[in-house]
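# Descriptive analysis of the structure
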Amino acid sequence: MNILALDLGTSSVRGLVLDADAEPRPGALARRKVHVDIGDRGSGTLDPAQYLACLVECLDELAAAGHLRDVHLVAVSAQWHSVVPLDPAGAPLGPVLTWLDTRPAPAPGSAGPADPNAYHERTGGWWHRGYWPLRLPWLRARCGSPIARFVGLAEYVLGHLLDTAPMSVSMASGTGLLDLRALTWDAEACELAGVRPGELPELAPTGWSGRLRAEHARRWPQLAGVAWSVPVGDGAASNVGSGCVDGRRAAVTVGTSAAVRLLHRLPAGEPLPPLPEELWRYRVDHEYVVTGAAYSSGGNLYTWAKRELRLPESPELHAALARVPPDGGAVTADPRLGGDRPPGFAPAGAGELRGLSFSTTGVEILAGLMAGLCRMVADDLTVLESTVERPMEVVLGGGAMAASAWWRSAFATALAPRPVRHRAEPEIGAIGAALVALGRVPEAGRLAMTDPLDEGHASQRSGAAS
Ligand SMILES: Nc1ncnc2c1ncn2[C@@H]1O[C@H](COP(=O)(O)OP(=O)(O)O)[C@@H](O)[C@H]1O
Ligand SMILES: O=C(O)[C@H](O)[C@@H](O)[C@H](O)[C@H](O)COP(=O)(O)O
């Protein structure tokens, strides 16, 4: 039995085929880069039609190479927090607002939740520009035509491919509108959003699965009749794919953005444990929750530096980085180029560089930015540890961690004395979504192979590029 796992990421869309233990089948990976439109006023949007076209191309490529044979299940990992307004016919009335978009602001006179602490505990989010209660009124005020309903990127894409595409509790928790205990839309959050239940996606019940629409089943006959499981938020999926599924191991994931998180079992209906004011909490599924902090910067720091600084190509880049100490060296940086993620309010453009001299190189600037992110993660990891009252082991994962040995060593230095391991397989989101779909979350710690990391030394392991 094979599993087709899709990752609806920010920088790219991927489709890969896994075996029954969620191990990637060699060579069975299709990837298309997607373009996030980032403007200087804090916009961060994706074109919904182009995004869907990229996913279709990935499926065509896998089908043409014969990789869709023996697929019995489709699992999906998808970026959290996105929203796209639709007209009555289901056509987008604008681009997809992503997690990177910092423009939404409260409508004049809106006061926010009655009891912000209770609201935070219940929904796991805050009344903040990153979540739908603030995003929806802002979108309505800007949209020229009446909005019939709102969906996330995952529901938009799957709505085109499948017979039905309800929203999973995992994706719903990323909107900031879900009551994490009752697993229903939160009445106060909906009131703040000015939204009626009919304008939101239906919530998928436990055990829901979808099927390809007839026209797509004709295009990919090997997927006809195959069950599609509900999408899992990429943060939740990445923890599972990193093997971080209990209070002993935290995952630090660096893809386009970055996050540090801890997963634990909390079946629907059970009382929610206290949530520190700095951290969010979302659902993995009806059984598990994930608690953590996220950052607008991650691998996008590298993308920016490659574009704007005169960086050498690999392997010279690796060699130059290896000469910079893993604490970041002389350049200290605030890496918040894209502003704060919730709960912070720093606008896009909050990044800073200090300690520059006439001999500072582009590589040192990149190292300073990467080390700046490591320090932010270390601070939040300490808060996360306070919820379990013991130090944790850390597993580094994601595309940027797989690519950069120097960044891994910088994390090991910033997070010391905690043991730091690395999950070398970059596709942890897709793998994690497959394990969730298979109901094998408890086994993920055993199935996800990790390597120890030598502190303080940038080593050339796992095909590291820099
Ligand atoms: N050598 C490198 N050093 C640091 N970051 C890198 C390197 N190579 C690639 N990256 C970053 O890794 C990110 C891609 O990781 P990935 O997990 O695929 O992201 P996503 O899931 O968000 O699409 C990109 O932002 C890219 O710039
Ligand atoms: O836990 C997480 O990872 C974050 O809460 C999540 O919001 C993430 O930042 C975005 O979904 C984008 O993820 P990528 O940067 O991997 O595309």
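Values in this document were obtained by computation on a predicted structure and should not be read as measured data. (Residues numbered from 1 in each chain as written. Chains lettered and ligands numbered in written order. Predicted model: local features only at pLDDT ≥ 70, side-chain atom pairs only at ≥ 80, totals over all residues. Heavy atoms only, no water.)

## A closer look at helix H3 (residues 132-142)
All buried positions along H3 are accounted for by Trp132, Pro133, Leu134, Arg135, Leu136, Trp138 and Leu139. Close packing links the buried residues of H3 with strand E7 (84-86), strand E8 (96-97), helix H2 (116-123), strand E9 (149-151) and helix H6 (187-193). (Buried < 20%, exposed > 50% of the residue type's maximum accessible area, 1.4 Å probe, protein only. Helix = DSSP H or I, 4+ residues; strand = E, 2+ residues; numbered from the N terminus. Contact = heavy atoms within 4.5 Å.)

## Section: the UniProt feature "domain: Carbohydrate kinase FGGY N-terminal" (unreviewed entry) in the protein
Mapped onto the present numbering, the UniProt feature "domain: Carbohydrate kinase FGGY N-terminal" (unreviewed entry) falls on residues 3-241. As annotated, residues 3-241 comprises 30% helix and 22% strand, and the C-alpha atoms at either end are separated by 14 Å. (UniProt positions renumbered as here; feature names shortened; annotations may be inferred.)

## Some words on the site of ligand 2
Near ligand 2, the surroundings consist of 14 residues, among which Thr10, His81, Ser257, Arg261 and Arg341 are the closest. Here Thr10 contributes a side-chain N or O atom positioned 2.4 Å from an oxygen atom of ligand 2. Within the side chain of Arg341, one N or O atom sits 2.6 Å away from an oxygen atom of ligand 2. Relative to its unbound accessible surface of 420 Å², ligand 2 loses 92% to contact with the protein. Where the shell around ligand 2 is concerned, the elements lending two or more residues are helix H8 (234-241) and strand E15 (258-265). Within the shell around ligand 2, the residues separate by chemical class into five nonpolar, six polar and three charged. In this structure, the shell around ligand 2 is formed jointly by two domains, domain 1 (2-234) and domain 2 (243-452), each of which donates at least three residues. (Near = heavy atom within 4 Å. Polar contact = N/O pair within 3.5 Å; in protein donor to acceptor, adjacent residues only side chain to side chain. Areas by Shrake-Rupley, 256 points an atom, 1.4 Å probe, with all protein chains shown as cover. Nonpolar A, V, L, I, M, F, W, Y, C, P; charged D, E, K, R; others polar. Domains from an automatic or database assignment.)

## Things to note about the pairing of strand E6 (residues 71-78)
Strand residues, when the strand is regular, have side chains that alternate between the two faces of the sheet. For E6, the buried fraction is high: seven of the eight residues fall into the buried class. Pairing geometry for strand E1 (residues 2-8) and E6, over seven bridges, is parallel. Across the sheet, residue Leu6 finds its bridge partner in E6, namely Val76. When E6 meets strand E13 (residues 232-233), the two strands line up parallel, connected through two bridges. Among the inter-strand pairings, Ser77 is bridged to a residue of E13, identified as Val232. (Pairing = 2+ DSSP bridges.)

## Quick word on the pairing of strand E2 (residues 12-18)
With seven of its seven residues buried, E2 lies for the most part within the structure. Burial along E2 is two-sided: the face carrying Ser12, Arg14, Leu16 and Leu18 and the face carrying Val13, Gly15 and Val17 are both buried. Where E1 lies against E2, six bridges are found, and the strand directions are antiparallel. When the sheet's bridge partners are listed, Ile3 is paired in E2 with Leu18. Counted along the chain from E1 to the antiparallel partner E2, the turn is three residues long. Taken together, the six bridges between E2 and strand E3 (residues 24-33) define a ladder with antiparallel strand orientation.

## What about the side chain of Ser242?
With respect to the helices and strands, the residue Ser242 is situated in the loop between H8 and strand E14 (249-254). Only 2.7 Å separates the side chain of Ser242 from the backbone oxygen of Ser238, close enough to count as a polar contact.

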